[in-house]
Every structure is written in C-alpha cells, then in structure tokens.
Amino acid sequence: MSSIASGGGARPTRRAVALTTGLLIVFLLYSLAPTWFLLVASTKNQTDLYSTFGLWFSANHLADNFQAIWDYHDGVFGRWIFNSVLYSTVGAAGSTFVSLAAGYGLAKFDFRGRGALFGVIVGASLLPSTLLAFPLYLVFAKIGLTNTVWAVLIPYFINPFGVYLGKVYADTSVPTELMEAARIDGASETRIFFSVALRLVRTGGVTIFMLDFVNIWNNFFLPLFMLNGERSFPVTLGLFSWVQQAQTSRDMNTLVLTGSLLSIVPLAVFMFALQKYWRSGILMGSLK
Amino acid sequence: MSTLTRPAQAATDSPVRRTSPRRTGRRGAYKGLLFMLPFLTGFLLTYVVPIGYAFSQSLHEKKSSGIGFGPTRIVFVGFANFSAILSDGTFWTGMLRTLLFGAAQIAVMLGISLLLALLLDGIAARAVRFFRAGLLIPYVIPGVVSTLIWLFLYSPTASPIVDIADRAGTSITFFGGLSTYLSLGNLLTWQGIGFNMILISASLQALPRELYEAARLDGAKEWRIAWSVKVPNITGILVLTGMFSLIGRLQLFTEPLFLRYVAPESISTDFTPMLEIFDRAFKTGDYQYAAAESLVLAVVTGILAFVFYRVTNRKLS
C-alpha cells in the first residue's frame, strides 16, 4: 500500500501517535491471543490443560499429542488431512478449469441469451452455498451420490463467482485479434483455447484456484450434509466429530486442540506459497 | 438445451452489435456455448435441479399409515408446509433473533474495522504492514478452527479468561441470557474485523489526497478530517460490507452449532433458521418440511438483498 503516512502534511502530535499505536496494539493482542492460546494448548497434556494457565507453556507434551492423534482410529486424522488436500486441490483445479472455460465462452463469443445467462450467473454467485446444501443433499441422495467423493467434488466444481472472474480475466487479457490471427492460421477453437487463451489468463486462473482452495479447505457445511463415513471426512468435519465424541465419551480435548493446529498447517503453507496472489484474491473475494 | 443451434443465426444477423463489435461471427454461437457446457451441465445439476426438487418435495408430507407402525408414505399436500411455516413461531423467532443479533454484531464489527482502517491510515507505512499482517491472522484461520478456539476460551474449565477472572476474585460465565449473544458476537467479530478492515483500507487508499488539503488548511485536526471527510466518502463500502455480512448472518450455522456443545441450554436447536433446518432434516427426518423451510429462507434472503440493493442504489447515486 502507499508509503505516505496519509495523516502527513500537518505532523501529528506525539500524543496522537501514542494513542493510535496504543489502540492498534490492543486490537493486535485481541487478534493474536486466541491463536497463541491454541499454540500453547497444543503442547499440553490433559491435566495441564485444565490446571495450568492457558496463555503460557508448562511441560511440553507436543510429541505425545502428535502420537495420540496418529494412533487414534488407525491414523484417521492423517486420512482427514489427505482428504482435505484431495478435495481442495481436485475441487479447486476442476472449478478453475470449468470457470475459465465458461468465462472465456461468455466473454469471447456472441450468442443469443448471453446477457441473460451472465445475469443468472451473477445472481447465483450471490446465493449463499449454505442455502443450497440441503436441496443438494435431497437430489444427491435420490441419485445415490451421497457419501461418495463426488457428492462434495461436483458442487465444488461449479462456482458461479469463478465464472464471473473468468469472464473478467478473459475480457481483459485475451485480445480478440490474437484469436482471429490463430483462426487464419487454421487453429481450431479448442486449440486456440488451450494453447493461446489459457496461457493468457494464467494469473487469473491462479487467483481463482487460490480462492477455491481456501474456501474448500475451510468448508464444513457441505461435507456435514453429504458424508457419513468417518474415513471420507475432510479435517474440518473430522474435528467436529471429535468435539461430539468429547461430550459423550472420553475427554478428547487435547486431540481437538492439537488437531486444530495441525489442520491449519497445510493451509498456511499453501497461502505462503501463493502470497503474490493474496491481496488481489482478498479484494476479489470481497466481491462475493 | 433447445437453443443450442439457433443462436448462430441471431449472432450474425443481429443488428445490435454494440456490446461486442465483430466477435466471431457464425462460429460464435455454438462454440461459445460449448466452452460453457461443463459449467452449464453442472449448474443444472447443482443449482436448478436441487431447487426444483426441493420445491416439489416441499409440496409433500410424510404420513405414516394406520396407527403409526405401518410403512410411511409421501403424500401430496400442496402448500400445507408453507402455510404451516408461516405460522411457525419458533422458525420466525429464530429468523428475527438472527437478524436483530446480526444487525447489532455487524454494527460493532464494522465500527471496529473502520476505526482500525482509519488508525492504519494515519501511521507510518512500515508499521502498517506489521499491524495489517497481525490483524489479518484471524481471517486466515479456518472458521471451524477459530470457533473451536473460542469454544475453549469460553469453557468453564479450560479457559484462561475464566482463570484470570478467578484469580481476580470474580467469576465469568459466557453463556446464559445476554452473555450468549455477546459471546457469539465476539467470536464473529474476531473472525471478521481483519477482512473488513482490509476492504475499508482499500477504499480509503482510493480517496484522492487533495480531499484533505482544504480541511487541513482550515486547521482541522486529524480526527476531525477522519470523521468529516474520510468517513462520508466511504459509506459505499460500509453499506456493501454491511449488506453482505447481514445476508451471511441469516445463514449462521457452524458457530452456534459448535457452541451448543458448551452451552446446550443457551443455544437451542432452533437458535437460527439453518440450525432449525438441519435439526428438522437430520434429527427428525422431516425432509419435506425442511425443504420448505430452506426455500422460505432463500426467499427471505433474496428479498433482503433486493431491498438493500434498491435502498443503497437510491442513496448512493
């Protein structure tokens, strides 16, 4: 962002600076303390979790907690992480491809009803996905798709907001002249799409992929409706099942806490790797 | 889709070409739709058919034959489910509760986000980067995980907050009466301020700097400029974020569902419309009524979005 301290011009008084910084620090602590708690709690065993101060470390049991998580139900937690990675990468890749193709078709070809179709897509992108979950469940149950990988993947593939972004990117970065030139050279429409257009919208593609990946990783709602078998759960749903068990049977709180921490790691790695696309991603995501 | 072949004609002959001068001519029609085919097929399967099917389901009711032990059958009842919902007190109470609570919580959340954005707008760039990164941490934490964290921070046994309060000789409970709403509101605010701050910051950055000059020459202090010059110029983004947040709140589900495990007596199964739908569908097994409730909620959301759109368009233009 800008390098201008925009208060600039008239120099702010020392008291104003102190007040500004002080308030920011207060909210910074508010933002960070709960995450700090998670970090600290992950290193504790069951007894220390209840008996020692929550915001500071006691004896380090992180390795034991990892072991306990690993041992639980034949390493089902590892399976959940694997599922989350699978759903997020395949779901986001599929959605990115479908969105880019549809956006390209919408932006670069003229056909009757194009405007209306675009209107429907924009409208659908405003529809919260939670509202659709139950109707989707009814249909997928009817055709016997619930409790399969497809029950979550297919809905992830279809992202109207992604199509909207795909259209914007195709509009701005695929010159029609280039397509015409390729046509004169005898390239087929599919060829033009795959070897010319897809390359030009690469940046847009990464942004769509990133938004989808994060959304799918964080999604809880759709798998909750669609999936029954523990071994097909993504990590969000797996953690929820642990919370439920903690109420009825043994105390699983250290598992829940350490598992929560572990579930963030792949996401953090992913976001770090795609840092470059972050800001535009956030601002794009805000449109939704 | 029956329109697949015809539009070719329309595309070439159409005298109206203002949106796309000379696209691809004859080939445009079906080629364009071909690229959209994967999406359109999926859209049909995941949007159009489910909504249609939910509607047809909502016109039915599960009836058990005989004295209740025989097999159940699904019978057509017309709009009976909908008229039942219209007079269903708990459903509307849940709706109203969610909306009122959402309005209050969003006001607080956007207020803090605005304050943070204004504070960041007034300090040195190097520090901005640091604070912004820190304030964004909660946004990066998945919703389920942040809810889990606060579940522990609110729990009577493991919470460091309760611990501190105990040492100070007072006791804190996070649920029951108003506390329930404050606790839920705090969780949602914690999740939301970073993201909203980024949006408000972005629109503050977009304001022309000259705007402040006149005020500054008149001797206005920074807080005065913030309140009288900056804020009035970014109402657009405030209204927009407010609207999206409120529509999102109507679907409130995950957070109260989790918090129910700490405070089942404070957060009932019909606390929000989505909780009620979930409970109705998967605990009671009353799919038909749940489908009708889903549709009613969708319509209410749609109406809200439309009203918002009309009001803001009038106000901002």
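Scroll up to find the structure.
Everything in this summary refers to the structure shown in the same document. Keep in mind that this is a model prediction, so the values were computed, not measured.

So, on to the overall build of chain B. Across its full length, chain B holds 14 helices and two strands. The 317 residues of chain B split such that 49% are buried. Looking at chain B alone, contacts between residues at least 24 apart form 64% of all its contacts between residues at least 6 apart. Taken as a whole, chain B presents about 15,200 Å² of accessible surface, with 65% of it coming from carbon and sulfur.

This brings us to the overall build of chain A. The helix and strand inventory of chain A stands at 15 helices and zero strands. At 24 Å, chain A has a C-alpha radius of gyration far larger than the 19 Å of a compact globule built from 288 residues. Expressed along its principal axes, the backbone C-alpha trace of chain A runs to roughly 75 × 70 × 30 Å. Residues counted as buried form 53% of the 288 residues belonging to chain A. Partitioning the contacts of chain A with sequence separation of at least 6, the portion at a separation of at least 24 is 73%. When the accessible area of chain A is evaluated, it comes to approximately 12,600 Å², of which 65% is carbon and sulfur surface.

Taken together, the contacts link 96 residues of chain A with 101 residues of chain B. Regarding the contact of chain A and chain B, the summed buried area is about 8,900 Å², with carbon and sulfur atoms giving 77% of it. At the boundary of chain A with chain B, the tally comes to zero salt bridges. Looking at the side of chain A that touches chain B element by element, the count peaks at 14 residues for helix α1 (residues 14-41) of chain A. Across the side of chain A that touches chain B, the residue classes tally to 64 nonpolar, 23 polar and nine charged.

Moving on, we come to the pattern of salt bridges. Any two side chains of opposite charge can pair, given that their charged atoms come close. Under the definition given, this model contains 11 salt bridges over all chains. R167(B) is the salt-bridge partner of D163(B), the closest N and O atoms lying 3.3 Å from each other. Residue D163(B) and its partner R167(B) are located together in helix α7 (residues 160-167), separated by four residues, close to a single helical turn. The exposure class assigned to R167(B) is exposed, which follows from its relative accessible area of 60%. Three or more residues are tied together by salt bridges with common partners; here these are E180(A), R183(A) and E189(A).

Below, the discussion takes up the nonpolar core. Y104(A), F220(A), M226(A), W242(A), F39(B) and F253(B) are the most contacted members of the largest nonpolar core, which has 174 residues in total. For this core, the element with the highest residue contribution is helix α4 (residues 89-121) of chain B, accounting for 13 residues.

Next up on the list: the packing of helix α4 (residues 76-108) of chain A against helix α7 (residues 149-157) of chain A. Residue and element names in this part refer to chain A. It is the contact of α4 with α7, at a shortest axis distance of 8 Å, that shows an interaxial angle of 35°. Crossing of α4 against α7: the hand is right-handed. Here Y87, V90, G91, G94, S95 and V98 of α4 lie close against α7, whose contacting residues are V149, V152, L153, Y156 and F157. Of the residues in the contact of α4 with α7, the class split is eight nonpolar, three polar and no charged.

Next up on the list: unusual backbone geometry. All names here are of chain A. Backbone geometry places H73, a non-glycine residue, at a positive phi of 45°. Within the secondary structure layout, H73 lies in the loop between α3 (62-71) and α4. Although it is not a glycine, D74 sits at a positive phi angle of roughly 55°. Look at D74 and you get exposed, because its relative accessible area is 73%.

Here we come to the side chain of D48(A). Residues and elements named next belong to chain A. Here D48 is to be found in helix α2 (residues 46-51). The buried charged residue D48 lacks any salt bridge partner; its closest oppositely charged side chain belongs to K44, at an N-O distance of 7.1 Å. Among the polar contacts made by the side chain of D48, one reaches the side chain of S58 at a distance of 3.1 Å.

About the thresholds
Residues numbered from 1 in each chain as written. Chains lettered and ligands numbered in written order. Predicted model: local features only at pLDDT ≥ 70, side-chain atom pairs only at ≥ 80, totals over all residues. Heavy atoms only, no water. Helix = DSSP H or I, 4+ residues; strand = E, 2+ residues; numbered from the N terminus. Buried < 20%, exposed > 50% of the residue type's maximum accessible area, 1.4 Å probe, protein only. Contact = heavy atoms within 4.5 Å. Areas by Shrake-Rupley, 256 points an atom, 1.4 Å probe, with all protein chains shown as cover. Rg over C-alpha atoms; globule rule 2.2 N^0.38 Å. Buried area = accessible area lost by both parts, 1.4 Å probe. Salt bridge = Lys/Arg side-chain N within 4 Å of Asp/Glu carboxyl O. Nonpolar A, V, L, I, M, F, W, Y, C, P; charged D, E, K, R; others polar. Core = buried A, V, L, I, M, F, W, Y, C linked by side-chain atoms within 4.5 Å. Axes fitted to C-alpha atoms, helices over the stretch in contact; angles between N-to-C directions. Left-handed = near helix turned anticlockwise from the far one by under 90°. Lys, Arg positive; Asp, Glu negative; His and termini not counted. Polar contact = N/O pair within 3.5 Å; in protein donor to acceptor, adjacent residues only side chain to side chain.

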